[in-house]
Amino acid sequence: MDAAEYGTDFGKEFEAAAGIVWKLERAQHFDEGDLPSYQAMLEGDWERSMKLAAQMRPGFRADNPDRMDFRRIRVVEEPLSQYLRWELEVLAIRAEEGENNRVVPVSAVRPYEAAGPVPELVLFGPTVLYEVLYDEAGRHTGARKITDPEVIEPCVPVLASLFDAGEDLRAYCARTRRA
């Protein structure tokens, strides 16, 4: 499905979701379009970028209803790119607003990358898995929706294992800011 179809479908799944929702992010750069905080970061204005990111807080709070435990696993390659530094700061704000975010080093996913980088995934319970698609520049292009339990079920213990092995994202950010 294209990006618009994915957005509509994702919205329906999100509204119906309860319990644990998983997200795995592997790419080290995404194109965030005209998002003001992202644009300020690209322009080299870190202070303005962070002020604009803080203004997104109310939307992040709304993205985390009490019925859901949104667990994000962010794969990081060091040294961190400027984009990833920016994204981790934004994700730290999301964590303050209810997301349960962990960071894992790229070495944690290497065993699953014999055929290439692991895909970006969003998993709603045992019935819906999205492989979120991006072009080579990191622009979101859509998703592939998977509903086959034989494909979905083996993903859950892998995601849980990565999450359990991960470092709390806020602690990771605090540690890497000092470095």
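Preceding block: the structure.
Nothing here was measured: the structure is a model prediction, and the numbers come from that model.

(A) The overall build of the protein chain, seen in detail. Broken down by element type, the protein chain carries eight helices and seven strands. The C-alpha atoms of the protein chain give a radius of gyration of 16 Å, which matches the 16 Å a tight globule of 179 residues would have. The C-alpha extent of the protein chain, read off along each of the three principal axes, is 45 × 35 × 35 Å. Evaluated residue by residue, the protein chain yields a buried proportion of 43% over its 179 residues. When the accessible surface of the protein chain is split by element, carbon and sulfur atoms take 53% of a total near 9,300 Å².

(B) Representation of the side chain of Glu-120 within the structure. Checked against the element boundaries, Glu-120 lands in strand β4 (residues 120–124). Despite its burial, Glu-120 remains without a salt bridge, the nearest opposite charge being carried by Arg-74 at 5.6 Å. Within the local environment of Glu-120, its side chain forms a polar contact with the backbone nitrogen of Arg-26, the two atoms lying 2.8 Å apart. A polar contact is formed between the side chain of Glu-120 and the backbone nitrogen of Ala-27, at a distance of 2.7 Å.

(C) Quick peek at unusual backbone geometry. Here the residue pair Glu-78 and Pro-79 is connected by a cis peptide bond, since its omega of 5 degrees sits within 30 degrees of zero. Within the secondary structure, Pro-79 sits in the loop between β2 (68–76) and α5 (82–96).

(D) Just the nonpolar core, in detail. Leu-24, Ile-73, Leu-123 and Leu-129 are the most contacted members of the largest nonpolar core, which totals 17 residues. Taken together, the elements giving at least two residues each to this core come down to β1 (19–25), β2, β4 and α7 (155–165). Looking at this core element by element, the count peaks at four residues for α7. Other than its neighbours up to four places away in sequence, Leu-24 contacts Ile-73, Val-75, Val-118, Pro-119, Glu-120, Leu-121, Leu-159 and Leu-162. Counting residues in each nonpolar core, the second largest holds twelve residues, with Phe-14, Met-68, Phe-70 and Tyr-130 among its members.

(E) Focus on the pairing of strand β6 (residues 140–146). Bridge count for strand β5 (residues 128–134) against β6 is six bridges, and the pairing is antiparallel. Each residue of the ladder has a partner; that of Tyr-130, found in β6, is Lys-145. Count of turn residues in the β5/β6 antiparallel hairpin: five residues, of which Gly-138 carries a positive phi of about 90 degrees.

(F) Spotlight on the environment of Ala-92. Its location among the elements puts Ala-92 in helix α5. Judged by its relative accessible area of 5%, Ala-92 falls in the buried class. Considering only alpha carbons, one finds Ala-92 and Glu-13, 79 residues apart in sequence, at a separation of 24 Å. In this structure Ala-92 touches Leu-169, Arg-170 and Cys-173, once residues within four positions along its chain are discounted.

Basis of the calculations
- Residues numbered from 1 in each chain as written.
- Predicted model: local features only at pLDDT ≥ 70, side-chain atom pairs only at ≥ 80, totals over all residues.
- Heavy atoms only, no water.
- Helix = DSSP H or I, 4+ residues; strand = E, 2+ residues; numbered from the N terminus.
- Rg over C-alpha atoms; globule rule 2.2 N^0.38 Å.
- Buried < 20%, exposed > 50% of the residue type's maximum accessible area, 1.4 Å probe, protein only.
- Areas by Shrake-Rupley, 256 points an atom, 1.4 Å probe, with all protein chains shown as cover.
- Lys, Arg positive; Asp, Glu negative; His and termini not counted.
- Salt bridge = Lys/Arg side-chain N within 4 Å of Asp/Glu carboxyl O.
- Polar contact = N/O pair within 3.5 Å; in protein donor to acceptor, adjacent residues only side chain to side chain.
- Core = buried A, V, L, I, M, F, W, Y, C linked by side-chain atoms within 4.5 Å.
- Contact = heavy atoms within 4.5 Å.
- Pairing = 2+ DSSP bridges.

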